[in-house]
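# Chain and residue survey
Each chain, letter by letter, is given below.
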Amino acid sequence: MYVCVCNAVTERQIDQAVRAGATSLRHLRHQLGVSAECGRCARCAQDCLRAALCEPPRPAPAVHTVHAGSSQSLALEAS
């Protein structure tokens, strides 16, 4: 979902910025340009920021080796 239309910032980008260390709307403004133009997105961006800060970090998908005869193939476990 687009949060900031002026700068084409999505909710996913805000999540990524939080994982990279953003903890405030000021950080989002500096990193992504959120609410730097018209400011109409500030409330939604703040809500997305709060939600992203409350979410536990998502674990990386596990990689398992599957033996099929003499060949080996990797299968990613879907999370």
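Residues numbered from 1 in each chain as written. Predicted model: local features only at pLDDT ≥ 70, side-chain atom pairs only at ≥ 80, totals over all residues. Heavy atoms only, no water.

### Structural notes on the overall build of the chain
Looking only at helices and strands, the chain has 3 helices and 4 strands in total. Written out in order from the N terminus, the α and β elements of the chain read β-β-α-α-α-β-β. Per-residue burial over the chain gives 24% buried out of 79 residues. A separation of at least 24 residues holds for 38% of the contacts in the chain among residues at least 6 apart in sequence. For the chain, the accessible area works out to roughly 5900 Å², and carbon and sulfur atoms hold 52% of it. (Helix = DSSP H or I, 4+ residues; strand = E, 2+ residues; numbered from the N terminus. Buried < 20%, exposed > 50% of the residue type's maximum accessible area, 1.4 Å probe, protein only. Contact = heavy atoms within 4.5 Å. Areas by Shrake-Rupley, 256 points an atom, 1.4 Å probe, with all protein chains shown as cover.)

### Some remarks on the nonpolar core
Among the nonpolar cores identified, the biggest contains 15 residues, and Val 3, Ile 14, Leu 28, Val 34 and Ala 45 are the most heavily contacted of them. For this core, the secondary structure elements donating two or more residues are strand E1 (2–4), helix H1 (11–19), helix H2 (25–32) and helix H3 (42–54). Sorting elements by how many residues they give to this core places H3 first, with 4 residues. When neighbours within four sequence positions are excluded, Leu 28 is seen to be in contact with Ile 14, Ala 17, Ala 22, Gly 33, Val 34, Ala 45 and Leu 49. (Core = buried A, V, L, I, M, F, W, Y, C linked by side-chain atoms within 4.5 Å.)

### Some remarks on the environment of Ala 45
By secondary structure assignment, the location of Ala 45 is in helix H3. With relative accessibility at 0%, the residue Ala 45 sits in the buried group. Residue contacts for Ala 45: discarding those within four places in its chain leaves Val 3, Ile 14, Leu 25, Leu 28 and Val 34.

### Description of the pattern of salt bridges
This structure, assessed with the given rule, holds 1 salt bridge. For Arg 50, the salt bridge goes to Asp 47, with nearest N and O atoms at 3.6 Å. Here Asp 47 and Arg 50 lie together in helix H3, a separation of 3 residues that amounts to about one turn. With relative accessibility at 47%, the residue Arg 50 sits in the partly exposed group. Taking relative accessible area as the criterion, Asp 47 reaches 42% and is therefore assigned partly exposed. (Salt bridge = Lys/Arg side-chain N within 4 Å of Asp/Glu carboxyl O.)

### Observations concerning the packing of H1 against H3
Two quantities define a packed helix pair, namely the angle between the helix axes and the distance between the axes. Where H1 contacts H3, the axes come no closer than 9 Å and their chain directions differ by 50°. When the axis of H1 is compared with that of H3, the two are oblique. The two elements H1 and H3 meet at a crossing, and its hand is right-handed. From H1, Glu 11, Ile 14, Asp 15 and Val 18 reach across to H3, where they touch Ala 45, Cys 48, Leu 49, Ala 52 and Leu 53. (Axes fitted to C-alpha atoms, helices over the stretch in contact; angles between N-to-C directions. Parallel < 35°, antiparallel > 145°, perpendicular 65-115°, else oblique. Left-handed = near helix turned anticlockwise from the far one by under 90°.)

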